[in-house]
Amino acid sequence: MYQNPRLLNDIVDSLPLPVAVYVGKNLKVEIANPAMIKTWGKGDQVIGKNYLDIVPEIKDQQILDQALTVLNTGIPFHAKDQKVDLVIDGIMTEHYFNYSFIPLFDEEGKVYGVLNTGIDITDLHQAKDEVKSSNEKLTIAIDASGMGTYEIDLATKKVKTAGNFNEILSIDKELNNDELIAKLHPDDLAVREKAHEDALITGNLSYKTRILNDEQSVKWVQINGKIINDENDTPKTIIGVIQDIHEQSAFEEELRKQVANQTEELKRSNNDLLQFAGIVSHDLREPVRKIKIFNTLLNNEKREDFYDNSRKYISKIDKSAQRMDSIIEGILAYSTLDKTIQPFEKIDLNEIVENIKTDLELIIKEKGAILVTCDLPEMEGAPILINQLFYNLIQNALKFSKADQPPRVIISCSTIEVNGIEAVQIIIKDNGIGLDPEFNERIFNAFERLHSKDQYEGNGLGLALCKKIVKRHNGTITAKGIKDDGAEFTVTLPLKHSNENIL
């Protein structure tokens, strides 16, 4: 045995790691340094007591059996990251240890005791568990997101992948970095090169590229990564993620096309409106001006034999001129101002039709036209626009009449439901020159004329404006007919709107 027991005890006591020596079949505590006494948590009076008496909680944890086996066999026992429950200050607490039971032999080679050493790794174990849990959560998140991860060793060019990396790149074997680069679309190599140059400065890598599959189809992906440097500040590793953004890119491309198409349509629409404004201001303002001038001259006439009927006609002319001017001003405002300033109001459609009949009184009388109307409902909308809509439709029915037959215009209506919204469906049917079915859609195009100006006056904007007005009210308009056998227009308009203004 060791010749200087005092020195041995001093050495054991100074060790920061728990150390104890047990002797005899009851494993009596012969030596226990402060670190071991603190680990047991049962106070300082432990020397001479049996191991099991100090920590009885180890009996059901196989620890006592492990120590006795070493005592009986002389074979050391080592445990790593072993869970040990200890009662500290009356409370059972969970710990993790790396510990050993080592046999002690006397001069005759017989085992007389057991040396117990250990190290509390509870904090390390918990940290490992937390890292493991974080990694598992990260893996689940990456898998759920459809992304893949990669790690590139810049020295060996070996690539480690995980998640959906292989699926995104359509590969079924391990590839090195050069082989992965070869899968990029040639037109995107410059983008990759620029991204890597920037990453050497910022440390962060980010770019979009197309991946070429074996069948030469392409897939858009987003690559993000970070460059890790060694102790000499030299790039050593790239770690990052890859994401399939093909559907997103396709959607963005389609959106760009739609925006471009709508922008072009908007330009065309604005041009149409400007041309329309020019036609209205030039063609209609002049007759209005003349009507007013002649009306003034008639009113100033002093002849004694001026008939009362003439004054009645003069009054009608004046009212018609004022109303025409009002309509022109409203249409010009619609064509030049932002549409959202057109407010919604309750509109009596019966009143709208009666006003139109008054406006068209002369042509109705001249042609002997018959207008048959139904009891129309109230609706929400912009009055000036709704008036213009039905004015154009009724005027068209009167204008395109047969030379040998008085116009007959029948306006019928019904309440229907469209996509859960209550709407009115109004049908305007005439007995005029009809409509060739192949022009059912074209007649709503701006400046589209089916007849020469010599045959029928007009600027080709009436029905185009009708379609715009109906669209602004979230409605629909269609046309059908047979050549030489009348035309029929169907207008469907919601009775109420959720918005306060026309969009």
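See the structure shown above.
A few points on the structure. Quick caveat, the model's predicted, so the values are computed rather than measured. (Residues numbered from 1 in each chain as written. Predicted model: local features only at pLDDT ≥ 70, side-chain atom pairs only at ≥ 80, totals over all residues. Heavy atoms only, no water.)

Here we look at the overall build of the chain
Each helix and strand in the chain was counted, giving 14 helices and 17 strands. Counting over 503 residues, the chain shows a buried share of 36%. Across the chain, contacts joining residues at least 24 apart in sequence account for 54% of those joining residues at least 6 apart. As presented, the chain carries roughly 30,700 Å² of accessible surface, and 52% of it is formed by carbon and sulfur atoms. (Helix = DSSP H or I, 4+ residues; strand = E, 2+ residues; numbered from the N terminus. Buried < 20%, exposed > 50% of the residue type's maximum accessible area, 1.4 Å probe, protein only. Contact = heavy atoms within 4.5 Å. Areas by Shrake-Rupley, 256 points an atom, 1.4 Å probe, with all protein chains shown as cover.)

Structural notes on the pattern of salt bridges
For side chains of opposite charge, pairing can occur when their charged atoms come near one another. In the structure shown here, the tally under the stated rule is 10 salt bridges. Ionic pairing is found between Lys429 and Glu488, a salt bridge with its closest N-O pair at 3.8 Å. With Lys429 in strand S15 (residues 421-430) and Glu488 in strand S17 (residues 487-494), this residue pair connects regions lying 59 residues apart in the sequence. The exposure class assigned to Glu488 is buried, which follows from its relative accessible area of 15%. A salt bridge links Glu488 to Lys480, with the shortest nitrogen-to-oxygen separation between them at 3.8 Å. Residues joined in a network through salt bridges with shared partners are Lys83, Asp85 and Glu94. (Salt bridge = Lys/Arg side-chain N within 4 Å of Asp/Glu carboxyl O.)

Let's talk about the nonpolar core
As a rule of thumb, soluble globular proteins bury nonpolar side chains together. Counting 42 residues, the largest nonpolar core has Leu389, Phe390, Leu393 and Leu493 as the members making the most contacts within it. At 9 residues, the largest contribution of residues to this core is made by helix H13 (residues 383-399). Look past the residues within four positions of Phe390 in its chain and what remains in contact with it is Leu349, Ile356, Ile426, Ile428 and Leu493. (Core = buried A, V, L, I, M, F, W, Y, C linked by side-chain atoms within 4.5 Å.)

What about the sheet that holds strand S5 (residues 111-120)?
Judged by pairing direction, the sheet is antiparallel, and its 5 strands sit side by side in the order S2-S1-S5-S4-S3 without closing on themselves. Strand pairing shows two members of the sheet lacking a second neighbour, strand S2 (28-32) and strand S3 (77-88), which therefore form its edges. Averaged over all neighbouring strand pairs, the angle between strand axes comes to 35°, with direction disregarded. Sheet topology places strand S1 (residues 19-23) next to S5; 5 bridges connect them, and they run antiparallel. Looking across to S5, one finds that Tyr22 is bridged to Val114. Against the sheet, helix H4 (residues 63-73) touches S3, strand S4 (91-105) and S5, its axis set at about 5° to S4. (Pairing = 2+ DSSP bridges. Axes fitted to C-alpha atoms, helices over the stretch in contact; angles between N-to-C directions.)

What about the packing of H13 against helix H14 (residues 462-472)?
Running from N to C, H13 and H14 point in directions that differ by 145°, and their axes come no closer than 9 Å. The interaxial crossing formed by H13 with H14 has left-handed handedness. Every residue of H14 that contacts H13 at Leu385, Ile386, Gln388, Leu389, Asn392, Leu393 and Asn396 is listed here: Gly462, Leu463, Leu465, Cys466, Ile469 and Val470. Here the contact of H13 with H14 is composed, by residue class, of 9 nonpolar, 4 polar and no charged. (Left-handed = near helix turned anticlockwise from the far one by under 90°. Nonpolar A, V, L, I, M, F, W, Y, C, P; charged D, E, K, R; others polar.)

Focus on the pairing of strand S10 (residues 235-244)
Relative to S10, strand S6 (residues 148-153) runs antiparallel, the two being bridged by 6 bridges. Counterpart to Glu151 in the pairing with S10 is Ile239. Connecting strand S9 (residues 218-229) to the antiparallel partner S10 that follows it, the hairpin turn spans 5 residues, and Asp233 within it adopts a positive phi of roughly 65°.

A closer look at the packing of aromatic side chains
Within a pair of aromatic rings, the relevant descriptors are the distance that separates the centres and the angle that separates the planes. A complete count under the given rule lists 6 aromatic pairs for this structure. Consider the rings of Tyr22 and Trp40, whose centres lie 6.5 Å apart with planes at 25°: the pair is stacked. Separated by 18 residues along the polypeptide, Tyr22 in strand S1 and Trp40 in helix H2 (residues 34-40) bring together distant segments of the chain. Summarising the burial analysis for this pair, Tyr22 and Trp40 share the class buried. With centroids separated by 4.2 Å and ring planes inclined at 20°, the aromatic side chains of Tyr22 and Tyr51 adopt a geometry described as stacked. Placement of the pair is Tyr22 in strand S1 and Tyr51 in helix H3 (residues 51-54), with a sequence separation of 29 residues. By the ring-pair criterion, three or more aromatic residues cluster together here, those being Tyr22, Trp40 and Tyr51. (Phe/Tyr/Trp six-rings, centres within 6.5 Å; stacked < 30°, edge-to-face > 60°.)

Description of the sheet that holds strand S12 (residues 370-372)
The mixed open sheet is built from 5 strands, whose spatial order is S12-S14-S15-S17-S16. The sheet is open, and its two edges are formed by S12 and strand S16 (476-481), each paired on a single side. The average undirected angle you get between the axes of adjacent strands in this sheet is 15°. Two strands pair when backbone bridges link them, and strand S14 (residues 408-418) and S15 are joined in this way by 10 bridges, in the antiparallel orientation. Counterpart to Ser412 in the pairing with S15 is Ile427.

On their own, these measurements won't tell you what the molecule is for.
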